[in-house]
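# Chains, contacts and geometry: an overview
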Amino acid sequence: MHTTLKKKREFPDVYALLFWVCIAAMVLTWIIPAGSFDRVKEGSISKVVAGSFHYVERAPQTPWDMLQAIYNGFIRSASVIFMIFFCGAGVAMVEETKSLSTFFGIVARKLRGKEMIAIAIIMFGLALGDATGAFGNIGVALMPIGLVMAHAIGGDDFLGFLIVYFGLMSGFGVGFANPGILGVAQTIAEVPIFSGTPPRFIACMLNILFLYLVTLRYYARIKKDPTYSLNYEEGEATSDFLGTKGAEDDKKDVREGIVMTRRQGIIVSFFVIAIALCVAFTIKYRWNPAKISAWFLGIGVIVGLLSGFSMNEIARKWINGCKPMVYASFITGLASGISVILTNGHILDTIVYALSLPLAKTGAVIGAGLMVWVNGLINVVIPSGSGQAAVVMPIMTPMADVIGMTRQVAVQAFQFGDGLTNLATPLNGPMMGCLAIAGVGFPKYIKWAWKYILIELAVATVITMGLQAVGYMGY
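Remember, it's a predicted structure, so these values are computed and weren't measured experimentally. (Residues numbered from 1 in each chain as written. Predicted model: local features only at pLDDT ≥ 70, side-chain atom pairs only at ≥ 80, totals over all residues. Heavy atoms only, no water.)

### What to know about the overall build of the protein chain
Along the backbone of the protein chain there are 20 helices and 4 strands. Buried residues in the protein chain amount to 53% of all 475 residues. In the form shown here, the protein chain has an accessible surface area of approximately 20,600 Å², with 67% of it arising from carbon and sulfur atoms. (Helix = DSSP H or I, 4+ residues; strand = E, 2+ residues; numbered from the N terminus. Buried < 20%, exposed > 50% of the residue type's maximum accessible area, 1.4 Å probe, protein only. Areas by Shrake-Rupley, 256 points an atom, 1.4 Å probe, with all protein chains shown as cover.)

Okay, here's the thing in structure tokens:
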């Protein structure tokens, strides 16, 4: 009886959850009227023409259409999917000789009692880099490294997720110099690019600090009570999910006595230099997933040779390294399929238009706060920041003029709503992939994270309303 009840209350697997969302999206195409905005091409941006929304012929999606849309979602996300495979396999090749775990074990031993400093250095570094949009494609690549580091300091896989993904998103969510999102939004709003930086920079630093403290709080709690870990399953030994996995004694400090061999030292040195170059090239040359994937393929082959493996062994170990990435990769494709269904059903623009209507009925200050939440809801169905900017800013800009809101505040409301809710939507493929790598399902994650996301949005709402109250122009 108890087992039966427990099964009924069990959260659905993320695949099941996303498939149900696909079905819901398909049903909505039969309910919501089809509509569309006119669009004009300006450079590389396809802008919506304000006031051009009109209803079009309905295109309700059938179950057969839905299944094809899921496949097309995989095609649309192919570059990211293969990047997950290649990056995961490349890191796994390094770990075949225990080089990374040994390195982080030694670092953790030297930083004993100062783990919060190590976490701060990584999170603030990733955050400030992503505040400029520099690490957009490299995040998933860093996840396997984050897991190894998290275990070296006595944490779990989810701590690795927080260090890497929360680190990246804490800066990206309020990026003060992100040309691909902020630059696009300000261009469409016809305000100088990167204008209004001081308050945006302060908000960014506050957000980074907040998510860093959230990460430290989680780390402290799982150290005090391992069952608080999101990786914990009833009946598991602490060593199965916390610290160095497989330790014979949960209380034994496996970092003691760790010695790095000469071969491991060479491999780690090469890997660190290779990752640093990858980050540098991604920033300087805006590397796409294809180039990052190719780089990690090269890393894997060279590390295999440095490890003394034959080409046959390298091939087998590469495939074995890909296997754990299947779950994460397929989630990315399935999440992308949902937006394909909404687009094919011609209801995506209708949803955006309907969400924008309440703004026209409010004053400037209240409207500024409401605009944050409207953009957050839109981000659920349009998880691409630049894509959302191209769709909503042509609508929000004239609406801001009508209700007396400054255009700079409209841009800030868009940025808060788009950036902060990236941590809340299951349609965010990279986040879902990173969660899968960390072994945590979306329902369990959002049950833990929702309060922190609401705090972020509440503070963002107050800041946006305050900026409007003082007539913030930013230039």
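### Things to note about the packing of helix 15 (residues 348-356) against helix 16 (residues 364-381)
As a packed pair, helix 15 and helix 16 sit with axes 10 Å apart at the nearest point and diverge in direction by 170 degrees. As the angle between them shows, helix 15 and helix 16 are arranged roughly antiparallel. Facing helix 15, whose interface residues are Leu348, Ile351, Val352, Leu355 and Ser356, helix 16 presents Val374, Leu377, Ile378 and Val381. Each residue belonging to the contact of helix 15 with helix 16 can be placed in one class, and the counts come to 8 nonpolar, 1 polar and no charged. (Axes fitted to C-alpha atoms, helices over the stretch in contact; angles between N-to-C directions. Parallel < 35°, antiparallel > 145°, perpendicular 65-115°, else oblique. Contact = heavy atoms within 4.5 Å. Nonpolar A, V, L, I, M, F, W, Y, C, P; charged D, E, K, R; others polar.)

### Focus on the pattern of salt bridges
Tallying each qualifying case throughout the model produces 4 salt bridges. A salt bridge links lysine 444 to glutamate 233; the nearest nitrogen and oxygen atoms lie 3.6 Å apart. Taken as a pair, lysine 444 in helix 20 (residues 442-469) and glutamate 233 in the loop between helix 10 (197-224) and helix 11 (262-285) lie far apart in primary sequence, 211 residues in all. With a relative accessible area of 30%, lysine 444 lands in the partly exposed category. For arginine 407, the salt bridge goes to aspartate 401, with nearest N and O atoms at 2.7 Å. (Salt bridge = Lys/Arg side-chain N within 4 Å of Asp/Glu carboxyl O.)

### Considering helix 3 (residues 63-76)
Taking 1.5 Å per residue, 14 residues should reach 20 Å; helix 3 reaches 20 Å between its end C-alpha atoms and fits that length. Among the residues of helix 3, Met66, Ala69, Ile70 and Gly73 are the ones counted as buried. What you see down the axis of helix 3 is that its buried residues fit within an arc of 105 degrees, all on one side. Facing away from the buried side of helix 3 by more than 90 degrees, the exposed set consists of Trp64 and Tyr71. (Expected span 1.5 Å × (residues − 1). Arc of directions from axis to C-beta.)

### Some remarks on a positive patch on the surface
Taken together, the side chains of Arg217, Arg221, Lys224 and Lys451 define a basic patch exposed on the protein surface. No other element matches the 3 residues that helix 10 contributes to the positive patch. Considering the arrangement of structural elements, one finds arginine 217 in helix 10. (Patch = residues over 30% accessible without salt bridge, like charges linked within 9 Å, V, L, I, M, F, W, Y side chains within 5 Å. Lys, Arg positive; Asp, Glu negative; His and termini not counted. Charge placed at Lys NZ, Arg CZ, Asp CG, Glu CD.)

### Points about the nonpolar core
Counting 141 residues, the largest nonpolar core has Phe158, Phe161, Phe166, Met393, Leu435, Tyr445 and Trp448 as the members making the most contacts within it. Excluding anything up to four places from it in sequence, phenylalanine 161 contacts Met143, Leu147, Phe166, Met431, Cys434, Leu435, Ala438 and Tyr445. (Core = buried A, V, L, I, M, F, W, Y, C linked by side-chain atoms within 4.5 Å.)

### Examining the side chain of threonine 421
Along the polypeptide, threonine 421 turns up in the loop between helix 18 (407-420) and helix 19 (429-438). Look past the residues within four positions of threonine 421 in its chain and what remains in contact with it is Gly376, Asn379, Phe416 and Leu457.

### Topic: the packing of aromatic side chains
Each aromatic ring pair is characterised by the separation of its centres together with the angle its planes make. Within this structure, the stated rule accounts for 25 aromatic pairs. Centre to centre, the rings of tyrosine 218 and tyrosine 228 are 5.9 Å apart; their planes meet at 45 degrees, and the pair counts as tilted. Placement of tyrosine 218 in helix 10 and of tyrosine 228 in the loop between helix 10 and helix 11 is noted, with a sequence separation of 10 residues between them. For tyrosine 218, a relative accessible area of 2% puts it in the buried group. For the pair tyrosine 218 and tryptophan 448, a centre-to-centre distance of 5.8 Å together with 80 degrees between the ring planes defines the contact as edge-to-face. Here the residue tyrosine 218 occupies a position in helix 10, and tryptophan 448 occupies one in helix 20, the gap between them amounting to 230 residues. Look at tryptophan 448 and you get buried, because its relative accessible area is 6%. Taken together, the aromatic side chains of Phe158, Phe161, Tyr165, Phe166, Phe210, Tyr218, Tyr228, Phe442, Tyr445, Trp448 and Tyr452 make up a single cluster linked through ring pairs. (Phe/Tyr/Trp six-rings, centres within 6.5 Å; stacked < 30°, edge-to-face > 60°.)

### A word on a nonpolar patch on the surface
Together, Val27, Leu28, Trp30 and Ile31 give the surface a local cluster of nonpolar side chains, amounting to about 390 Å² of exposed area. As for its placement among the helices and strands, isoleucine 31 is situated in helix 2 (residues 14-31). With a relative accessible area of 58%, isoleucine 31 lands in the exposed category.

### Quick word on unusual backbone geometry
Within the chain, glutamate 190 stands out as a residue other than glycine whose phi angle is a positive 60 degrees. Note on placement: glutamate 190 falls in the loop between helix 9 (179-188) and helix 10. Within the chain, histidine 346 stands out as a residue other than glycine whose phi angle is a positive 60 degrees. As for its position among the elements, histidine 346 is in the loop between helix 14 (326-344) and helix 15.

### Side note on the environment of phenylalanine 166
Checked against the element boundaries, phenylalanine 166 lands in helix 8 (residues 157-172). Residue contacts for phenylalanine 166: discarding those within four places in its chain leaves Met123, Phe161, Leu211, Val214, Thr215, Leu423, Tyr445 and Trp448.

### Looking at the environment of asparagine 288
Counting through the fold element by element, asparagine 288 comes out in the loop between helix 11 and helix 12 (289-306). The partly exposed category is assigned to asparagine 288, whose relative accessible area is 34%. The spacing of asparagine 288 and methionine 83 is 205 residues in sequence and 9.6 Å in space, taken between C-alpha atoms.

### Looking at the confidence of the model for the protein chain
Regions with low pLDDT carry predicted coordinates that are not meant to be interpreted in detail. Residues of the protein chain with pLDDT of at least 70 account for 88%, and the chain-wide mean is 83. Confidence, expressed as mean pLDDT per element, reaches its minimum in the protein chain at helix 1 (residues 2-8) with 46 and its maximum at helix 20 with 95. Every residue in residues 1-8 is under pLDDT 50, and counting partners more than four places away or in other chains gives 1 contact. This model gives residues 246-255 a pLDDT under 50, and the stretch forms 15 contacts once residues within four places in sequence are excluded. (pLDDT = per-residue confidence, 0-100.)

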